Each structure stands twice: as structure tokens, then as C-alpha cells.
Amino acid sequence: MAPERIKILVVVAVLAAVALIIPHTTSVVILIVTRVLAFSILVMSLDLLLGFTGLASLGQAAYLGVGAYLTAILATRYQMGLGYDFWLVIVLGMIGGALLAAVFGLLALRATSVYFLMITLALGQCVWGLAYRWNSLTGGDNGINLQHRPKFGIDLADPVLFFYVVFGFFAVSLLIMYTLIRSPFGRSLTGIRERELRMKILGYNTWLHKYLVFIIAGAFGGLSGVLWAHTAGIVSPDNVVLTTSVDALLMAVLGGSGTLIGGVIGAGVVLFIREYLSTLVHWWQYVLGGVYVLVILYLPGGLMSIPERLRQWRAAQGEASGSPNFVTAGR
Amino acid sequence: MASNLVKRLCLPPLAAGLLSAVYVGPAAAQQQELHIGLIAPVTGIFAQVGADMLNGFKMYLEQTNSTFAGTKVVAIIEDSQGKPDLAVTKAKKLILEDHVEIIVGGVLATEGYALAPVSTAEKTVYISSVTAADDLTQRQLNNFPYFVRTSWTSSQPNHPLGQWACEQGFKKVAAIAADYAFGYESLGGFQKAFEDCGGKIIQKIWPPIGTKDFGPYIPTIKADADAVYSLMVGPMTLQFPKQLRQSGYTKPIIGGSVSYDEASLPFMGDEVIGDVSAEQYSAAIQTPANETFVKNYRAKYGKVPSYFSESNYTTAMMIDDVMKETGGKWLGSEAFIAKLVALKVDAPRGPVSLDDMRNPLQNIYIKKVEKTKLFGYDKPELWDVVVKTYPAVSQFWTYGKDAFLKQPVYSRDFPPCKYCE
Amino acid sequence: MDARFWLIQAFNGISYGALLFLVGSGLSLIFGVMRIVNLSHGSYFLLGGYVALSVIWTTGSWLLAIPVAAVAVSILGLLMERIFLRPLGFDPLRQVLLTVGFAFLFQQAALDIWTGNPFDIDPPEALTQSIVVGGLHLPLYRVFMIGVALAIGLSLWLVIEKTRLGATIRATVDDAQMARGVGIDTSFISMLIFALGAFLAALGGVIGGAFLGVYPGLDFEMLPIAFAVVIIGGMGSLGGAAIGALLVGLADNFGKALFPEISYFTLYAPMALILAVRPTGLFGRE
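Below, the structure is looked at part by part. Here the structure is a predicted model, which is why all the values come from computation and not from measurement.

What counts and what doesn't
Residues numbered from 1 in each chain as written. Chains lettered and ligands numbered in written order. Predicted model: local features only at pLDDT ≥ 70, side-chain atom pairs only at ≥ 80, totals over all residues. Helix = DSSP H or I, 4+ residues; strand = E, 2+ residues; numbered from the N terminus. Rg over C-alpha atoms; globule rule 2.2 N^0.38 Å. Buried ≥ 20, exposed ≤ 12 C-beta atoms within 10 Å, placed from the backbone. Contact = placed C-beta atoms within 7 Å. Expected span 1.5 Å × (residues − 1). Core = buried A, V, L, I, M, F, W, Y, C linked by C-beta atoms within 7 Å. Domains from an automatic or database assignment. Nonpolar A, V, L, I, M, F, W, Y, C, P; charged D, E, K, R; others polar. Pairing = 2+ DSSP bridges. Axes fitted to C-alpha atoms, helices over the stretch in contact; angles between N-to-C directions. Parallel < 35°, antiparallel > 145°, perpendicular 65-115°, else oblique. Left-handed = near helix turned anticlockwise from the far one by under 90°. Right-handed = clockwise from strand over helix to strand, strands pointing away.

To continue, consider the overall build of chain A. Helix and strand counts for chain A stand at 14 helices and 4 strands. Taking 331 residues into account, the globule formula puts the C-alpha radius of gyration at 20 Å, and chain A, at 20 Å, falls close to it. Projected onto its principal axes, the C-alpha coordinates of chain A cover approximately 70 × 50 × 40 Å. Relative to its 331 residues, chain A shows a buried fraction of 53%. Counted over contacts in chain A with a minimum sequence separation of 6, partners at least 24 positions apart contribute 75%.

Below you can see the structure in the form of C-alpha cells.
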């Protein structure tokens, strides 16, 4: 079977295993995995920008913020989103994220590479400032408290049910993004990442491509925010602070940029170290920092590149031992 | 760390964690152990606050050999890293996996607002030993039947301070307070009491949290103010008085609570001598109970205790006192809270009891910074010497609960700045 | 608002800008030569303050603390460049992320070594006074900051413009490939510049420590400000860094004094707008 097919099967198998096994673990593990899945939608949306279009953004938390605050404000002020209209809020969160990205994209996409990094940082910080200052709307630094999870036939207060709902959103997001990447649109994004000038010469409107993927990433960021608001039950400026955007970027690279699924692996590693390991040892920060540094140094493709590296290493071993080896390093 | 704290040292591999069955902890009813979950920031920018909190609690545990009325106390510390959603995750872990009977902690207002609903959902006692957000024990209290506060509300010490300032003869005060809810509630309390007594707040300046350079703000302070009310937090507490004095400003500073708390005072310079503030605690309280507390704490941890430490020490003491009443038995969350609310203790900060909204009724001390020798220490140091004590101050001051709750929570615009020039 | 108000605010803004120059010039040089954004720059700033505190606590000498802290941190920077950044080769994204990883490690290490208490660096008594000029109280320490920034700026300018070493640096900044072609050891220049950048940041931390304090979180608070300086002034340009620092210092100061409502935005909104209009900064070259 083609390596691509194998990868898909492995991913599907792992996801199925997660869906089946996790609900039988402890409630804390269920909670953390739910958080991983919700946050990884944001990380995967960042990967669309970073891994596939070559745009490293330090402001993606802003879109999570839009989705999260929208959810919280609608729930507490207008009693909206806690019943069947939860699904409406999902859509509104995605639209909110997309709209903000549409506005920010106009400014940000004028820059490239490191300047793009800077401008997205600045825009993200503006959102943080707004969340902090606009007390009447956002509750300022007190944040907004969501007392209940939605109930529509099923009560999402049940951690297992909520896990399944978030898992569902995650799986669908992954599917949509994967389809996008494999589409002609997605392929031209990769072309832009590789050599934008050539794409322009070939007649592609590269700016429009970048703008569209920026908006799509924003939409998924908003979705992530809606789910994130319900996992913790509190939305505050902490959700849109700079370190949240940095986290997302680091998770994407840790898992492996350009792989989509690397996002959830990166998110899983980081959140487990931060939220689970921290209950066991108090020097977990060094573990996290160490993992970042080692992966960046020795695994340029992130954790997802380990199978590839192993294959190469084994192939090199085979050659070194002199035996004829017709296995090509898998593509 | 003290040996009588149990932390999970086993490191179950992730695979095992995924495949293991649901953890079953000891049944809560017939156990001779009391499990207390302590949630505080151990890492991150609030780590020192977390350290102070935990040290206070731990000191009481060590003094009682971790035994409250014959029952062994197992304290489990979880790092909230200053993030409210992580505090929620840790709280759930403590409640659902470690089966703690009580959760203590939380620092920021967001953590308080995040943990309180968890306590309601899980029917577990949550004692906030630091979080000062006013509304948690005011208009929002009915949402949180398992929530008790042993610390304070932001406005609580500022009401008597406002009255005191007026009695001292200050007529016009310019206020500068950190631009966030704690700042609004602190200044709000001061303004209400000060203006009700006849004073006038003529200016409100709101530097963003984290401001270090007050250069833009200091020259705008109105010249006809008799004094400046300042509410500074964290590193701001060190820089503001220094920069204000260097700019040639000689009028008095009236500080809100944390502006001169012992968390910052030892690191300040002599420019703060004479500055006044108000809080429910001062390390300079001249009672035998406090002197013992301060000396023990300092000997153990190398610095004078701040209100973070005292509050957690007293919380441990209060839990112990309730356990003494029940003969060491855990009778359930509701029974515990009923007994806790009826308690009166002699804490290092003085007599403390809880009002009917589960917030402390306690002394508020008006304190002035002096360089002096106290408690037998051989060097003159900066201390918040008490100049006046207002006994049994409630979160509602003299306004009465119903009248107070009718007004909106203190915010940037409430009380309105009627006399602002 | 009389003339005295404007004068004192201008003075405050300029002195703040002086400190920002120390922070931003290092970042600008590092970017100019190595094309990477050093996200652990804030950490160098903070570590400079902490090392200075340790020196003061053990020797009691503030004067000694300044060079010791700056050199210690520059060695740290040098090691980081040699051992970790160099092997990555020319891969800006991964280099940036590596610096972030280190920033987190430094933050935790600083907490473990120095605790999280808020510290202040105490300069000599003389510098804590204020001089009165025309009715205006000018804190001497602010004057000192301006003096240091001028001295450092001038020395850097002299070295870069007037010396052989400076010429090689300029060549590397302009066109690294050509520089290599002419026989310049660009790898050595990179290392030197990174160490110099760390040196300047740490110097800023020591000088700034008496003005801003030394406490956890200061590293990530200074980082966006340093970026603002470099972005507005243009990456790789020393003169740009000076002008950027001055503009940021004045704009931040006047912005907060005149429009306190938007205090949270006086830094980031202009930064975003300037980048949107001129992506390489006001004086940058690309």
C-alpha cells in the first residue's frame, strides 16, 4: 500500500483507539485529553498557516479568544448557547474567528517571514489589551464564568459525553483540513511555501490564497475557542495572552509542522507535561523546555518525523553493513 | 519540602494510565485521614505568592504534626501556574482522584471565579484563602453554597481607610490605582467611605497592571490634592513610591492594602517611611500570638510573613478548630461549612469570625511604615507599624448588608467621580 | 498643561527611550547579522538584573555589578549561539523557536535560583537624588540612563563606522554571502554579535533594574517593547534602533499621559500599523 494510505490508516486506528480507551481512564485523564483535542484544533489551524503556507504566526490565540469570549458573553448575558443553540454558537464562533482574521489578514499579509511574525504578535496583543480593558463586555481581568455546559438531549456536564462531542469536532476539523490540504487549493499553498515568486509567475494570485487560508485558520481558531470555553468554564485574558500563541506555535513545531496531525501530538505532549506531569514533579518546566530544545535541535520535522528518521537510520545501517538494500527511504 | 506532605511520587507510564481502570480512592465516610488540596501557583510569575501561601499553610501543619484532633492531615499541593483553567483541571483532579474533602487556595480573581463553580458542581468545600474579588461573597454567593472565604474582600480594608483619611483632615485626594478589577474595588471602597465622610476624590488615574515607569502619570497628578491614594500590585509597589518621591512630590501617600504589604516591604527603600496603608494584617501587630507567628515564620523561611502566609496559616488553624469540634470526624461538606461559619479564632491577625455571607469579620489595621527594631531583632528595618485598629470590620463596613448589596459592585465608574477636576 | 508638563514628559519619554535603546540595539544587531529574532532577549535583560543583584549582595558594589552582569550574560549568549544556534544553520523559524524554548528554561532557572520576590537594584546614594532645573525635578537616575545610552550608542557607532571590525560587521549585515566571498569569517562575526547583543541586553537589565525592578515576568514584558523599538527603527540598523527607541519612549509616555484610556494599546497598535505600512520598519532595509 502507498505510504500515504498507511499513514491515514494509522491515524484512524490511533484516533479510534483514543475514542474507545480514554473514557475508561480516570476523570482527570479524560479532562486533559478533552483539552488537548480542543486546543489542537487551534494548533492544526496554525499548521495550515505554518506548515503548508509557510507563514509563522504569533497571534493565533486571538481567534481562540474571539470564539471563547463570544461563547461566554452569549451564555451569561443572553442565555444563549446552552441548549440546542449550542450548535448555533459553534457557527457564530467560527464566523467570528473568520471575520477577525479577515480584518487582521489585510494588515498582516502585507508582511512576510519575521515581519509577519511581529505583526501577528502585535495584533494578538491588541486583542489581549481589548479583553483586559473592555470591562463591561469581557469582564476585564475577572473573566467570564460559564456555570453550566450546554444541555441538548444530552448533558455535556458529563465528562465522557463532552469528551465525545469535542472528539467529534476534532475529527471533523481534521478531516476538513486534510481535504483542504489535498485539494488543488491546498497544493498551491505548498507551492507558495516553497517558492512564492514562481507561483506568482505562474499566474497564481498568491495574496488571495494566503488571505483565504488565513481566514480559514481564523475560523477554526474560533471553533477551538468555543470548545475551550466549555472545557474550563472560565474565559479570561489569559486565553489570549502572548504565551498562548507561543504555545500553539511550539506545539505545531514539536509535533511536526506540515503534518496536521503533528498538531495534536504536540498539543498532547505539552499539555500532558504541563497538566499531568506537574501533579507529579515540580521541575516539569525543565522537562518541557528540554523537550522543546531537543526536538528543535535534533528532530527538525518534529515528533512526527520519528518514523521517517528511523527508516533512514535503518537504511543507513543496511548500507553500512554492506548488504544490498533496495528499500528507498519512504516518501 | 516538609516530609508530612504527600506528593504522588510514583510515575505511572502514560500507557498504563490510559489502560487503567477508574481509580478508586478511600471511602470518605469512615477514614482517619483528612485530605486537603492546596491549589497555588508554584511556577510562573506568581510563584512567590504561591510559595508564601504554601509556607503559611505548611507551617501550621508542622506545628501540629499534621494531625488535627487525632486525624492525620494529608495535604496535596497542585500547581495552578497562575492559569484559571489549569486551576480547574487541578481542582477536578484533587476532588475526583485524590478525593480531597477540602480545597484551599486560588490567588487571582479569575481563579476564584473558576474554582467556585467547581466546588458547587462537585459539592466539595472550597476555601479561598487569598482571592479578594468582592462579589464572590456578595451578589454571587448564592451560586456557591460550598464556598467560604477566610481572607478578605478587596474593598474591606479600604472602607475604614477612607474614613480614617477623612478624620485625619485630608479633603481632596488624587487616586492612582492599577487598572483592573482589584484596583477598582479597592479604590471604590476608599472613595465611598471617604466621600461619605466629606472628602473628595478629585482624580482617578489608572496605570495598566505591570506598569513600571510611572513617568507619564506622575506629572498629571493634580496639584491641589492633599494626598495621593495609591493601589499598587506586585513590582509596581516598589517603583511607584520611589518615582513619586524622586519627582519632588512631598505630600503623603495613602496606600491601599497590598501597596505596602510585607510581600514587598522588605524590598523597598527608605523613601516609603511615613507612608500609610490599611490591611487585615501587619507583621508588626504587637500581640504575643503575632510575635510568635512572625518569629517562627522568619526563622523557617527567611522572610517576614505577608498576608498571603498569614491567611493560609489561619485557614489551617480554622480547619483544625472545626475538626476539634467534630472529634476528628469528617461529617460532610455541609456540616463542615456550618461549623466553620460559626467559628471564632484568635489568629495572628487578631480575632476572626465569618459573617453570614461567609467572609471574614476581622480587624483592619491602619499602618504606617517606620524604620524601627521590633520583636527583638537587632537591626532597624521597615515595618508596617499599626497606628489605629478598627475592630470587627465586615465586608459591608457600616452600610448594612442590604443597602450595600443594592449598589453595583465597585468598578471603574462606580462610585462615579463627582468631584473629578 | 503648561510648558513644565510638556518638558517633564519629554524628559521622561527620552529617559525611558534611553533604556529601550539598550534593550533594542542588541536585538537589532542580532537580527541584522543573523536574521533571527532572538526571543530570549528579554531573558538576557532579566538575567542581567539578577546577576547584578547577586554581585551586589556578595560584594556590595553596584559599580562592579554592571560589567560582571553584562559579561556573564554575554558569555551565556555566546554559549547559546555556539552550542545550540550554530548547528541549526540558516533556519530562521527553528532558531526563533529554540530561543523561545530557552526563554522558558531561563525563566524557571531564575525562579529557582533567585526566588520570585520583587527586587530593586539600589544605585549609589548620589544617583537617587533629583536635581532641580528651572522648577522641574529631574531624577538623576534618569539623567544617568540617558548618559549611559549616549555613551554606549556613541561607542557602538564609532566601532561600527570607524574600525576594521566594524567594517566587517557592516559587510556581513549588508550581504553575508559576499562577505564570505571576500574572506570574512561571518561565523565569527555572528558569534560576536550575538554575544554583544546579550551584553547590551544584560547591561540594560542592570541599569534598568534600578528603574523597573527585577522580578519574574519582566523578561516577557520587555520582549514586545524591544520588538517595538526594532520594528519601528528597522532591523539591523543601529541608528534606527536609536530613533526607534526614542520614538517608542516618547510615544508611550505621551500616549499614556494624554490618552490614558488606550494605555494598553499605545504600544501595539502603532507597531501593527507601522508594520502594515512599511513591513521592514521605518528605517529597515531588506
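From N to C terminus, chain C includes 11 helices and 2 strands. Compactness check: chain C gives a C-alpha radius of gyration of 19 Å against a globular reference of 19 Å for 286 residues, within 12% of the reference. Once the C-alpha set of chain C is aligned to its principal axes, its extents read approximately 60 × 45 × 35 Å. The 286 residues of chain C split such that 58% are buried. Once local pairs closer than 6 in sequence are excluded, the contacts in chain C between residues at least 24 apart make up 76%.

All names here are of chain C. Compared with an ideal rise of 1.5 Å per residue, which puts 19 residues at 27 Å, helix α2 (residues 41–59) spans 27 Å between its outermost C-alpha atoms and is within 8% of the ideal. Summarising burial for α2: 15 of the 19 residues are buried, a large majority. Immediately downstream of α2, the backbone of G60 shows phi near 75 degrees, a positive value.

The next thing to look at is the nonpolar core. Counting residues in each nonpolar core, the largest one holds 345 residues, and the members touching the most others are V173 of chain B together with A69, V73, A202 and V229 of chain C. Take this core: its biggest share by element is 19 residues, from helix α2 (residues 27–53) of chain A. Structurally, this core is a two-domain feature, drawing no fewer than three residues from each of domain 1 (27–154 + 288–354) and domain 2 (158–279 + 363–406) of chain B. Here V173 of chain B is in contact with A165, F194, G199, I201, I202, A225, D226, A227, Y229 and I254 of chain B, once residues within four sequence places are set aside.

We now examine the interface of chain B and chain A. With 35 residues of chain B at the contact, the number on the chain A side is 28 residues. Of all the secondary-structure elements, those providing two or more residues to the side of chain B that touches chain A are α1 (14–19), β3 (71–79), α3 (84–96) and α4 (109–122) of chain B. Counting residues per element, the side of chain B that touches chain A draws most heavily on α3 of chain B, which supplies 9 residues. Taken together, the residues that form the side of chain B that touches chain A break down as 18 nonpolar, 7 polar and 10 charged.

Attention now goes to the pairing of strand β11 (residues 276–279) of chain B. Residues and elements named next belong to chain B. Every second residue of β11 is oriented toward a common face, with V276 and A278 on one face and S277 and E279 on the other, all of them buried. Pairing of strand β10 (residues 253–255) with β11, which is carried by 2 bridges, proceeds in the parallel orientation. Bridge pairing in β11 places I254 opposite V276. For β11 and strand β14 (residues 360–372), the ladder comprises 4 bridges, and the chain directions are antiparallel. Directly across from A278, in β14, lies its bridge partner I366.

Another aspect to go through is the interface of chain C and chain B. Facing the 29 residues of chain C at the interface are 26 residues of chain B. Elements that contribute at least two residues to the side of chain C that touches chain B include exactly α1 (3–34), α4 (92–114), β2 (136–139) and α10 (238–258) of chain C. When residues of the side of chain C that touches chain B are assigned to their parent elements, the largest contribution, 5 residues, is made by α1 of chain C. Each residue belonging to the side of chain C that touches chain B can be placed in one class, and the counts come to 13 nonpolar, 12 polar and 4 charged.

What follows is about the sheet that holds strand β1 (residues 33–40) of chain B. One key point about sheets: their strands pair by backbone hydrogen bonds, in either a parallel or an antiparallel sense. Residues and elements named next belong to chain B. Judged by pairing direction, the sheet is mixed, and its 6 strands sit side by side in the order β2-β3-β1-β4-β5-β6 without closing on themselves. Each end of this open sheet is capped by a strand with a single partner; those strands are β2 (67–68) and β6 (147–149). Bridge count between strand β4 (residues 102–105) and strand β5 (residues 125–128): 3 bridges; the pairing is parallel. Looking at β5, one finds that I102 is bridged to V125.

Now for unusual backbone geometry. The omega angle of the peptide bond from F414 of chain B to P415 of chain B is -5 degrees, so this bond is cis rather than trans. Within the element layout of this structure, P415 of chain B appears in the segment after α11 (401–406). Even without glycine at this site, N65 of chain B takes up a positive phi of about 60 degrees. Within the secondary structure layout, N65 of chain B lies in the loop between α2 (47–63) and β2. Positive phi outside glycine occurs at T115 of chain C, with the angle close to 65 degrees. One can find T115 of chain C in the loop between α4 and β1 (130–133).

Residue and element names in this part refer to chain A. With their axes 9 Å apart at the nearest point, helix α3 (residues 61–77) and helix α5 (residues 113–133) run at an angle of 30 degrees to one another. Compared by their axis directions, α3 and α5 come out roughly parallel. Contacts between α3 and α5 involve A61, A62, G65 and Y69 from the first element and L123, G124, V127 and A131 from the second. Residues of the contact of α3 with α5, tallied by class, amount to 6 nonpolar, 2 polar and no charged.

Residues and elements named next belong to chain A. Following both chains from N to C, one finds helix α4 (residues 86–108) and helix α10 (residues 206–232) inclined at 140 degrees, their axes separated by 7 Å at the closest point. Considering their axes alone, α4 and α10 lie oblique with respect to each other. In the packing of α4 onto α10, the handedness of the crossing is right-handed. Where α4 approaches α10, its residues V89, I90, G93, M94, G96, G97, A98, L100, A101, A102 and G105 are matched on the opposing element by Y211, F214, I215, A217, G218, A219, G221, G222, L223, G225 and V226. Within the contact of α4 with α10, the residues separate by chemical class into 14 nonpolar, 8 polar and no charged.

This paragraph deals with the pairing of strand β9 (residues 227–231) of chain B. Residues and elements named next belong to chain B. Burial of β9 is extensive: 5 of the 5 residues sit out of reach of the surface. Burial along β9 is two-sided: A227, Y229 and L231 and V228 and S230, pointing in opposite directions, are all buried. Examined bridge by bridge, strand β7 (residues 172–177) and β9 share 5 bridges and lie parallel to one another. In the strand pairing of β9, A174 is matched with V228. Of the strand pairs in this sheet, β9 and β10 are connected by 3 bridges, and their pairing is parallel. Its bridge partner lying in β10, V228 is registered against I253. In the classification by handedness, the crossover that spans β9, the intervening helix α7 (residues 236–246) and the parallel β10 is right-handed.

Attention shifts here to the environment of V230 of chain C. Within the secondary structure, V230 of chain C is located in helix α9 (residues 218–233). Apart from the residues within four sequence positions on either side, V230 of chain C is in contact with G24, L27, S28, F31, M235, A241 and G244 of chain C.

Residues and elements named next belong to chain B. Within the secondary structure, G162 is located in helix α5 (residues 158–167). Between the C-alpha atom of G162 and that of V352, which follows or precedes it by 190 residues, the distance is 22 Å. In this view, G162 contacts G189, F190, Q191, K192, A193, F194 and C197; residues no more than four positions away in its chain are not counted.

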